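Spelled out, the chains give:
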Amino acid sequence: MITIICAECSKAPFGVTVSGLFRCDHCASEISTRDLVLDPGEVWAIDSAGTLGYLRAPDRA
């Protein structure tokens, strides 16, 4: 998983909140999954610590 870093402060990842939003661990900026702009085939994911990230599309041979 590739961690998504906050675009507002560029210092920390986003963690999941009880509201379902994701909050930057540094500046408290919040986003939802609708705010994510991923390439085709990529999907967002949450690791066991609650950190937001994404998985790349597998290469097609």
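Structure shown above.
Residues numbered from 1 in each chain as written. Predicted model: local features only at pLDDT ≥ 70, side-chain atom pairs only at ≥ 80, totals over all residues. Heavy atoms only, no water.

Caption draft 1: Fine view of the packing of aromatic side chains. According to the stated counting rule, one finds 1 aromatic pair in the structure shown. With a centroid separation of 6.1 Å and 70 degrees between ring planes, the pair formed by Phe-22 and Trp-44 is classed as edge-to-face. In this pair, Phe-22 sits in strand E3 (residues 22–24) while Trp-44 sits in strand E5 (residues 43–46), placing the two residues 22 residues apart along the sequence. (Phe/Tyr/Trp six-rings, centres within 6.5 Å; stacked < 30°, edge-to-face > 60°. Helix = DSSP H or I, 4+ residues; strand = E, 2+ residues; numbered from the N terminus.)

Caption draft 2: View of the nonpolar core. Among the nonpolar cores identified, the biggest contains 11 residues, and these are Ile-4, Cys-6, Cys-9, Ala-12, Phe-14, Phe-22, Cys-24, Ile-31, Leu-36, Leu-52 and Tyr-54. Sorting the residues of this core by element identifies E3 and strand E6 (52–55) as the ones contributing at least two each. Setting aside anything within four residues of it in sequence, one finds Phe-14 in contact with Ile-4, Ile-5, Cys-6, Phe-22, Arg-23, Cys-24, Ser-29, Ile-31, Gly-50, Thr-51 and Leu-52. (Core = buried A, V, L, I, M, F, W, Y, C linked by side-chain atoms within 4.5 Å. Buried < 20%, exposed > 50% of the residue type's maximum accessible area, 1.4 Å probe, protein only. Contact = heavy atoms within 4.5 Å.)

Caption draft 3: Quick peek at unusual backbone geometry. Within the chain, Ser-10 stands out as a residue other than glycine whose phi angle is a positive 60 degrees. Along the chain, the position of Ser-10 falls in the loop between strand E1 (2–3) and strand E2 (14–16). Relative accessible area serves as the criterion here: at 56%, Ser-10 is assigned to the exposed category. In this structure, Ala-28 takes a positive phi of about 70 degrees despite not being glycine. Relative to the helices and strands, Ala-28 is located in the loop between E3 and strand E4 (30–31).

Caption draft 4: Region of interest: the pattern of salt bridges. For the structure on display, the rule yields 1 salt bridge. Of the charged contacts, one joins Arg-23 and Glu-30 as a salt bridge, the two residues approaching to 2.4 Å between their closest N and O atoms. Taking relative accessible area as the criterion, Arg-23 reaches 37% and is therefore assigned partly exposed. Owing to a relative accessible area of 36%, Glu-30 belongs among the partly exposed residues under this scheme. (Salt bridge = Lys/Arg side-chain N within 4 Å of Asp/Glu carboxyl O.)

Caption draft 5: View of the sheet that holds E5. Strand order in this open sheet of 3 strands is E1-E6-E5, and the pairing throughout is antiparallel. Every interior strand has two partners, whereas the edge strands, E1 and E5, have only one. The sheet contact formed by E1 and E6 spans 2 bridges and is antiparallel. Looking at E6, one finds that Thr-3 is bridged to Gly-53. (Pairing = 2+ DSSP bridges.)

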